[in-house]
Amino acid sequence: MNEFSLIFRNEQNPDVQFSPEQMQNVLKQWRDWIGGMAAQNKVANPGSRLGFDAAIVKGGGVVTDGPYAEIKEIITGFIIVRGETLQDAIELAKGCPIFSAGGSVEVRNVIPTVME
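Keep in mind the model is a prediction, meaning the values are calculated, not measured.

Student: Explain the overall build of the protein to me, please; I cannot follow it from the model alone.
Tutor: What the protein contains, in helices and strands, is two helices and six strands. The order of α-helices and β-strands along the protein, N terminus first, is β-α-β-β-β-β-α-β. Per-residue burial for the protein yields a buried fraction of 34% across its 116 residues. Counting every atom, the protein has about 7400 Å² of accessible surface; 53% of that belongs to carbon and sulfur.

Student: Help me out: how do you make sense of the side chain of Ser104 in this one?
Tutor: Its location among the elements puts Ser104 in strand β6 (residues 104–111). Ser104 has contacts with Ile7, Phe8, Arg9, Ile56, Val57, Lys58, Glu73, Ile98 and Phe99, leaving out every residue within four places of it along the chain.

Student: Please clarify how the pairing of strand β1 (residues 2–11) should be interpreted in this entry.
Tutor: Where a strand is regular, its side chains alternate between the two sheet faces. Counting buried residues in β1 gives seven out of 10 residues, a clear majority hidden from the surface. Pairing of β1 with strand β5 (residues 73–83), which is carried by 10 bridges, proceeds in the antiparallel orientation. Opposite Phe4, over in β5, you have Val81 as the bridge partner.

Here is what the cut-offs are and how they apply
Residues numbered from 1 in each chain as written. Predicted model: local features only at pLDDT ≥ 70, side-chain atom pairs only at ≥ 80, totals over all residues. Heavy atoms only, no water. Helix = DSSP H or I, 4+ residues; strand = E, 2+ residues; numbered from the N terminus. Buried < 20%, exposed > 50% of the residue type's maximum accessible area, 1.4 Å probe, protein only. Areas by Shrake-Rupley, 256 points an atom, 1.4 Å probe, with all protein chains shown as cover. Contact = heavy atoms within 4.5 Å. Pairing = 2+ DSSP bridges.

Listed below in structure tokens is the structure:
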């Protein structure tokens, strides 16, 4: 089983404000999504270098090559997941709640750390 980093990106927008109820709904979506992957043993521990194989998954299932971000985007978080192939990790990323906020997920392979 290989590991992949799902890097969450979004545009900075100080005008977006969530009510406490909206924030609870957003947090529940994230907990449910991550909890579902954890229940399938698809969540791994972070701490390794990122590799060069990558794809960006956007809303509507649009997939583009590369770890290339527009300058106006920021990384808002990440998680390390398990899968056999990059395509497996892309499929996990397609369920991310960040798409409802206009964000994207960068999917990258993780190069295992070699301990001597």
